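Breakdown of the fold
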Amino acid sequence: QVNKEGRPDFASNPFNGPIPTYEQVVRSGALRSLFLTLPSDHPVIPFAHQASVGVQRQVGANMSVAGDLVYTDERSALTQMDINIAYDPATGANYPFNQQARHPNPGWSNVNMSQHVPKGGEDLGLQLEVTKRMSNNWQASLGYSLFAGWDYQYPPVRTAAGCQYALTNPSPGVFTCDAPITVHPVLQYAHFRAADQMHRLTFNGIWQLPYGFQASGLYFFGDNGKVTPVSGVDVLGIGGTGGPATPTSPTPGRLRADGTLIERNSFNRADLHRVDVRLLKRFNVGSRAAVEGMVEVFNLFDHANYNAFVTNEAARNYGAPSFDSNIAFQPRTAQFGFRVTF
């Protein structure tokens, strides 16, 4: 990769001379990097334990209630680790990215490899539903779900390769993963709540009205969950600002320049509210045909619903919502249509 250096002919002459050979690039000290993640050298097939129990009961002639409890436990989860990085026993953090002599392979930058960790996450959900079938000119359904999820973060230890601790560099050219080391707090094992939606409620109904009219509607609520921001600064010198908090992966992006840690799930995404309505009128044409005209309004009350937000604390617009083209997050819209049946 060659960065623009201000020369007017950069586009046509990026190397400022002949295109170098691979050997010349290596001799120049430029770091090599991988575009792909190396497969695990100790592959294990991921699996999950799943369990559910539910009950459904009819109430009267046209109504039913149901409840389900669902559980999932992921095992042998797949994650990624930079295997071309060593850690300082004095600080528990990695040696800065620019200290090439501390890299197991000095001529390379980050070398990511897939590896398996004992557990990837746990989910527990309660699902409740009340349904009323069409009778007396109306029908309706109400559903609610309560969800709780937990994620894991594992320290940078290649346990599948027989390592007991993170890789250290006790002397020039010597690397070991058997020397005791307590990694930095941001890299240590953690079991924490997942950044997922906890409460979700939906209601929909249809009403047959006089004179060939029909009204229907949908209401949706979701708490939208909480996420973990990132500091936007490379405190540990890993060669980047650190990505967002993700399951089963150390997240140095939580570390601020002043040494404090960003609390997990400390950014509460705004709740979602949405009301969609439709009004339909049926016109009979003779005894065997009909025309139906309809008007539909989505997000009737024009509630501001957002899926994602800027969670980089270093950004000027930190906390601002991000555009999402999905129909679920669009402002109020309306459409008209008709249908002919015969």
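Conventions we followed
- Residues numbered from 1 in each chain as written.
- Predicted model: local features only at pLDDT ≥ 70, side-chain atom pairs only at ≥ 80, totals over all residues.
- Heavy atoms only, no water.
- Helix = DSSP H or I, 4+ residues; strand = E, 2+ residues; numbered from the N terminus.
- Rg over C-alpha atoms; globule rule 2.2 N^0.38 Å.
- Buried < 20%, exposed > 50% of the residue type's maximum accessible area, 1.4 Å probe, protein only.
- Polar contact = N/O pair within 3.5 Å; in protein donor to acceptor, adjacent residues only side chain to side chain.
- Contact = heavy atoms within 4.5 Å.
- Disulfide = S-S within 2.5 Å.
- Phe/Tyr/Trp six-rings, centres within 6.5 Å; stacked < 30°, edge-to-face > 60°.
- Salt bridge = Lys/Arg side-chain N within 4 Å of Asp/Glu carboxyl O.
- Patch = residues over 30% accessible without salt bridge, like charges linked within 9 Å, V, L, I, M, F, W, Y side chains within 5 Å.
- Areas by Shrake-Rupley, 256 points an atom, 1.4 Å probe, with all protein chains shown as cover.
- Pairing = 2+ DSSP bridges.

For the rest of this paragraph, the subject is the overall build of the protein chain. Helix and strand content of the protein chain: one helix and 16 strands. Here the C-alpha radius of gyration of the protein chain, 28 Å, is well above what a compact globule of 342 residues would show, namely 20 Å. Along the three orthogonal principal directions, the C-alpha set of the protein chain runs to about 90 × 55 × 40 Å. Counting over 342 residues, the protein chain shows a buried share of 32%.

Along the chain, Asn 265 falls in the loop between strand E10 (226-227) and strand E11 (267-268). Classification of Asn 265 as buried rests on a relative accessible area of 16%. For Asn 265, the side chain forms a polar contact with the main-chain oxygen of Arg 193, separated by 2.8 Å. Discounting residues that sit within four places of it in the chain, Asn 265 has contacts with Arg 193, Ala 194, Ala 195, Lys 226, Val 227 and Thr 228.

Below, the discussion takes up the state of the cysteines. Each disulfide is one covalent bond, formed between the sulfur atoms of two cysteines. Applying the stated criterion to the full structure yields one disulfide. A sulfur-sulfur separation of 2.3 Å characterises the disulfide bridge that pairs Cys 163 with Cys 177. Every disulfide takes its handedness from the sign of the S-S torsion; for Cys 163 and Cys 177 that torsion is -70°, giving left-handed. Pair noted here: Cys 163 is in the loop between strand E4 (138-153) and strand E5 (168-171) and Cys 177 is in the loop between strand E6 (174-176) and strand E7 (190-193), with a separation of 14 residues, a long-range link. Here Cys 163 and Cys 177 have matching classes, each one buried.

A complete count under the given rule lists six aromatic pairs for this structure. Residues Tyr 152 and Tyr 154 carry aromatic rings whose centres are separated by 6.1 Å and whose planes lie at 20° to one another, so their mutual orientation is stacked. Summarising the burial analysis for this pair, Tyr 152 and Tyr 154 share the class buried. Geometrically, the ring pair formed by Phe 267 and Tyr 318 is edge-to-face, given 5.9 Å between the ring centres and 70° between the ring planes.

Summed over the entire model, instances satisfying the criterion amount to eleven salt bridges. The salt bridge partner of Asp 276 is Arg 274, with a shortest N-O separation of 3.2 Å. In this structure, Asp 276 and Arg 274 share a single accessibility class: buried.

Let us now look at a nonpolar patch on the surface. A cluster of nonpolar side chains, contributed by Val 59, Met 63, Val 65, Val 130, Trp 138, Leu 142, Phe 203, Trp 207, Leu 209, Tyr 211, Phe 213 and Leu 279, occupies part of the molecular surface with about 1000 Å² of accessible area. Elements that contribute at least two residues to the nonpolar patch include exactly strand E2 (63-82), E4 and strand E8 (199-208). Among the structural elements, Leu 279 can be located in strand E12 (residues 272-285). The class of Leu 279 is partly exposed, set by a relative accessible area of 38%.

With respect to the helices and strands, Phe 301 occurs in the loop between strand E13 (289-298) and strand E14 (308-309). Look at Phe 301 and you get exposed, because its relative accessible area is 63%. Between the C-alpha atoms of Phe 301 and His 273, which are 28 residues apart in sequence, the distance is 9.1 Å. Dropping the residues within four chain positions of it, Phe 301 is found in contact with Val 275 and Arg 332.

Attention now moves to the environment of Met 81. Within the fold, Met 81 resides in strand E2. Distance from Met 81 to Asn 326, taken between C-alpha atoms, is 33 Å for residues 245 residues apart in sequence. Apart from the residues within four sequence positions on either side, Met 81 is in contact with Val 111, Asn 112, Met 113, Gln 115, Pro 155, Pro 156, Val 157 and Arg 158.

Examined bridge by bridge, E5 and E6 share two bridges and lie antiparallel to one another. Within the sheet, the bridge partner assigned to Thr 168 lies in E6 and is Thr 176. Where E5 hands over to E6, the hairpin turn is made up of two residues, of which Gly 173 adopts a positive phi near 80°.

One non-glycine residue, Asn 224, adopts positive backbone phi at about 70°. Topologically, Asn 224 is positioned in the loop between strand E9 (213-222) and E10. Asn 224 sits in the buried class, given a relative accessible area of 4%. Residues other than glycine seldom take positive phi values, yet Asn 265 does so here, at roughly 55°.

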